[in-house]
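Examining the three-dimensional arrangement
Each chain, written out:
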Amino acid sequence: MEKVGIGLAGLGFMARIHSRALAEIPKAEIVAAWSKFPAEHEKFKEFAAGLGFKVKKFYTEIEEMTNDPDVEAVICAVPPRFMETIASGILRAGKTALLECPPSDTPQGIDRLSELARTKNVRVMPGLCYRFAPCFRKVKDLLDAGEIGNPISISFTEFVPADSLARQWAPGSWAWNRATGGPIITMTIFCMDLTRWVLNSEPASLTAKIDWLELPKYGTWGYRVFNAIKFRNDVVWTNMFASEDSSVPGPPLRMEITGESGTIIVDGPEKVILKSGGRVTEYPLKLSRPEKWGHKPEDEYFLKSVALKGEEPLVKLSDAKKALEMSLAILKSSQSDSPAYFDS
């Protein structure tokens, strides 16, 4: 079976998430990795070996990795403020790339990456994993099949334990700068993209409120983000994103779609319930850890369709730009205590 030689750019939390996903994909082989911090090389080498990967080449210069002929595609997972610089080097080298989201900390940065990919004729895909999560794909299939008629309203709740985010971002890191939104952009962008994809509609306005929770136990911040989005098809989508001490109860995910003739409920990433026509149908999903939030099917699609077959990705940087604009609107609305509006 033909394999794709993958180079990883960035060896932090998300590189490990992708590596676990790649370990379940027969076509995947991690052949090289880049981090400007040599101390991360040995740590990642040991981690990757536990997944069955023998990563032999580590680089501290991104140009050296992108010039490696064994690297056929790159998965780039670096903080958004560094993404444009690193991703630009990958694209200039002509490497097919998956860029973890956000692929820039500004919409203008995404525009520059899009233009560079166009001029270099390079295929690039943003890592918007919720589109590939089995539970959300089931929701999309049921809606598109008209199982509940036209959707009227959607509520979405997501809880992430604070200790999990503290492991991802150390106290004092860029992610805890509340003046620039802390982790909220990164933690909401996937759902923002999900809204447009599920509804096949664009947002008209968004209203949001953010409550910050000091967490001395971890040296970080918790948050509660409330927002409501009015779409151009008249659907109202409400969200509540929370990250608090793990002793505070909260479902990891709950989503409820009310339609003209029924309801769809997502009760965690492994169960979808359809209530329609006086019947209740459950769709249990038995998933591996990398499948639950879409990382394995996303990476599998990227490798099989984009890297191997040379297809244009179904998910584009323009989708990431729209999602980033919506996440930035959460900050804007909360700071101004007024709605944010989107151009038609």
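Just above, that's the structure.
Here's a quick rundown of the structure. All values reported here derive from a predicted model rather than from experimental measurement.

Quick word on the pairing of strand β1 (residues 4-9)
Summarising burial for β1: six of the six residues are buried, a large majority. By the alternation rule, side chains of β1 split into V4, I6 and L8 and G5, G7 and A9, which are all buried. Bridge analysis of β1 against strand β2 (residues 28-34) gives six bridges, and the strand direction is parallel. Residue pairing in the sheet places L8 in a bridge with A33 of β2.

Quick word on the layout of surface pockets
Regions of empty space are outlined by a rolling probe, equal in size to a water molecule, passed over the atoms. Quantified by volume, the second largest pocket comes out at close to 290 Å³. If you go around the second largest pocket, you meet 14 residues; those closest to its centre are P80, D105, W174, T180 and I185. Taken together, the elements giving at least two residues each to the lining of the second largest pocket come down to α4 (80-92), α8 (184-199) and α11 (317-336). At three residues, α11 tops the list of elements feeding residues into the lining of the second largest pocket. Looking at side-chain class alone, the lining of the second largest pocket contains seven nonpolar, five polar and two charged residues.

Brief notes about helix α5 (residues 107-120)
Helix length check: α5 (14 residues) gives 20 Å between terminal C-alpha atoms against 20 Å at 1.5 Å per residue, within 8%. When α5 is considered as a whole, its buried residues turn out to be P107, G109, I110, L113, L116 and A117. Residues of α5 that are buried in the fold lie against α4, β5 (96-100), β6 (124-127) and α11. Of the residues flanking the end of α5, it is N121, one or two places downstream, whose phi is positive at about 55°.

What to know about the sheet that holds strand β7 (residues 151-159)
Pairing is mixed in the open sheet, where nine strands are placed in the order β14-β13-β12-β11-β7-β10-β9-β8-β15. Looking along the sheet, the strands with just one partner apiece sit at the ends: β14 (279-284) and β15 (340-341). With 12 bridges joining them, strand β8 (residues 203-215) and strand β9 (residues 220-231) adopt antiparallel strand pairing. Each residue of the ladder has a partner; that of S205, found in β9, is K230. On the sheet, helix α6 (residues 134-144) packs against β7, β11 (253-259), β12 (262-267), β13 (271-276) and β14 and is oriented at approximately 5° with respect to β11.

Topic: the packing of aromatic side chains
Evaluated as defined, the whole model comprises nine aromatic pairs. A ring pair is formed by F132 and Y301, whose centres lie 5.6 Å apart and whose planes are at 35°; its orientation type is tilted. Separated by 169 residues along the polypeptide, F132 in the loop between β6 and α6 and Y301 in helix α10 (residues 295-308) bring together distant segments of the chain. Classification of F132 as buried rests on a relative accessible area of 9%. Site record: aromatic cluster; members linked through ring pairs are Y130, F136, F156, F190, F241 and W293. One cation-aromatic arrangement involves K138 over Y283; the distance from NZ or CZ to the ring centre is 4.1 Å.

Scoring rules and cut-offs
- Residues numbered from 1 in each chain as written.
- Predicted model: local features only at pLDDT ≥ 70, side-chain atom pairs only at ≥ 80, totals over all residues.
- Heavy atoms only, no water.
- Buried < 20%, exposed > 50% of the residue type's maximum accessible area, 1.4 Å probe, protein only.
- Helix = DSSP H or I, 4+ residues; strand = E, 2+ residues; numbered from the N terminus.
- Pairing = 2+ DSSP bridges.
- 1 Å grid on protein atoms, 1.4 Å probe; cavity = no way out; pocket = protein on both sides within 12 Å on 5 of 7 lines; lining within 4 Å.
- Points joined across faces, edges and corners; volume = space filled by probe spheres on them.
- Nonpolar A, V, L, I, M, F, W, Y, C, P; charged D, E, K, R; others polar.
- Expected span 1.5 Å × (residues − 1).
- Contact = heavy atoms within 4.5 Å.
- Axes fitted to C-alpha atoms, helices over the stretch in contact; angles between N-to-C directions.
- Phe/Tyr/Trp six-rings, centres within 6.5 Å; stacked < 30°, edge-to-face > 60°.
- Lys NZ or Arg CZ within 6 Å of the ring centre and 35° of its normal.

Nothing here speaks to function; it is geometry throughout.
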